[in-house]
Each structure stands twice: as C-alpha cells, then as structure tokens.
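Here is what each chain is made of, one letter per residue.
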Amino acid sequence: QVQLIESGGGLVQAGGSLRLSCAASGRTFSNSGMGWFRQAPGKEREFVATINWNGGSTYYAESVQGRFTIFRVNAKNTAYLQMNSLKPEDTAVYYCAARRGASYSTRNNDYTYWGQGTQVTVSS
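Remember, it's a predicted structure, so these values are computed and weren't measured experimentally.

S.K.: Just to check I follow, could you spell out the side chain of Arg67 for this structure?
M.R.: Mapped onto the elements of the fold, Arg67 is located in the loop between β6 (58-60) and β7 (68-73). A distance of 2.9 Å separates a polar atom in the side chain of Arg67 from the backbone oxygen of Ser63. Those residues in contact with Arg67 that lie beyond four places of it in its chain are Gln82, Met83, Asn84, Ser85, Leu86, Lys87 and Asp90.

S.K.: What am I meant to see in the side chain of Thr118 here?
M.R.: Residue position: Thr118 is located in strand β11 (residues 118-123). On the basis of relative accessibility, which here comes to 11%, the residue Thr118 falls in the buried class. Residues contacting Thr118, with those up to four places away along its chain left out, are Glu6, Ser7, Gly8, Gly9, Leu20, Ala92, Val93 and Tyr94.

S.K.: Would you explain the environment of Ser32 in this entry?
M.R.: The topology assignment puts Ser32 in the loop between β3 (18-25) and β4 (34-39). Distance from Ser32 to Asn109, taken between C-alpha atoms, is 15 Å for residues 77 residues apart in sequence. In this structure, Ser32 is in contact with Asn52, Trp53, Arg72, Arg99, Gly101 and Ala102, ignoring residues within four places of it in sequence. From its side chain, Ser32 meets the backbone oxygen of Arg99 in a polar contact 3.0 Å long.

S.K.: So what exactly am I meant to see when it comes to the state of the cysteines here?
M.R.: Considering all chains together, one arrives at one disulfide under this definition. Each disulfide pairs two cysteine sulfurs, and for Cys22 the partner residue is Cys96, the sulfurs being separated by 2.0 Å. Measuring the twist about the S-S bond at about 55°, one finds the Cys22-Cys96 disulfide to be right-handed. Of this pair, Cys22 sits in strand β3 while Cys96 sits in strand β9 (residues 92-98), and the two are 74 residues apart along the sequence. Neither residue differs from the other here; Cys22 and Cys96 are each classed as buried.

S.K.: Looking at this structure, how should I read the pattern of salt bridges?
M.R.: Where charged atoms of side chains with opposite charge meet at close range, the side chains can pair. By the definition in use, this model includes four salt bridges. A salt bridge links Glu46 to Arg38; the shortest N-O distance between them is 2.6 Å. A residue is classified by how much of its surface remains accessible, and Glu46, at 37% relative accessible area, is partly exposed. The shortest N-O distance in the salt bridge between Asp110 and Arg107 comes to 3.0 Å. Judged by its relative accessible area of 52%, Arg107 falls in the exposed class. Taken together, the shared-partner salt bridges connect Arg38, Glu46, Arg67 and Asp90 into one network.

S.K.: Just to check I follow, could you spell out the sheet that holds strand β1 (residues 3-7) for this structure?
M.R.: Through backbone hydrogen bonds, the strands of a sheet pair up, either in parallel or in antiparallel fashion. Strand order in this open sheet of four strands is β1-β3-β8-β7, and the pairing throughout is antiparallel. Each of the sheet's edge strands pairs with one partner strand only, and the pair in question is β1 and β7. Taken pair by pair, the neighbouring strands of this sheet meet at an average axis angle of 15°, ignoring direction. Both β3 and strand β8 (residues 78-83) contribute to a ladder of six bridges, which runs antiparallel. Bridging across to β8, Ala23 finds its partner in Thr78.

Conventions we followed
- Residues numbered from 1 in each chain as written.
- Predicted model: local features only at pLDDT ≥ 70, side-chain atom pairs only at ≥ 80, totals over all residues.
- Heavy atoms only, no water.
- Helix = DSSP H or I, 4+ residues; strand = E, 2+ residues; numbered from the N terminus.
- Polar contact = N/O pair within 3.5 Å; in protein donor to acceptor, adjacent residues only side chain to side chain.
- Contact = heavy atoms within 4.5 Å.
- Buried < 20%, exposed > 50% of the residue type's maximum accessible area, 1.4 Å probe, protein only.
- Disulfide = S-S within 2.5 Å.
- Salt bridge = Lys/Arg side-chain N within 4 Å of Asp/Glu carboxyl O.
- Pairing = 2+ DSSP bridges.
- Axes fitted to C-alpha atoms, helices over the stretch in contact; angles between N-to-C directions.

Okay, structure coming up:
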C-alpha cells in the first residue's frame, strides 16, 4: 500500500515557477514508477510527466517538454515536479500517482495509487 500527499501548489504569474512535491508512505516507493497528471476544469485528466523507479528514465507530455522536470529522491520517498515558464493553460489540479511496476507510464490506468491533488493557478 502506498499513500501519496502532494504539496507546493499555489497561485503564480505567467512566466513564474513552482515545485510540486509528492511524499509517499509505504515501503514500495523506491520500486515504483511515478507520474504526474493534471485536470483542468471541464477537461479530462491528462498526463504530464513520468519517471521510472530509479530516476533513470523520464517522459513528458509535449505541452510541458522543456519547461517541466520530474525527478525523485528515493531516500526521502518523494517525487517532484519542477515547473518553469508557467503559462495560464497550465492551470489545473495536479495529481501524483504511483505504479506497482518499476517502469514509467503515460497511461492513467497503469497507476494504482493517487494523491488528493494540489491546485496550480497561473495568472496572465
């Protein structure tokens, strides 16, 4: 069992930066692929970024490539999403998720554990 708690969301102006954290409890964090997803009002949840168990492999949605960075510190049971050059269209609730498998995945259904979400609002 893994429990995930996101933090770091907030209100920021366009062009600004935020770092989201996802603190995990449970012994299996270091063996789990992790992902970040987001859901804007009236839209479906969409993939943002993912990382494999040891941080050696990552993958990003085209819309955030070059602006966002996903990384993890297994010794702290925490995954992060560094978001730079934020745009108003990045406004959404951001969720972190953990897989039972060690590899990364862009697919919603591959994730077993989800956090409660943290709001990110980017003003123009």
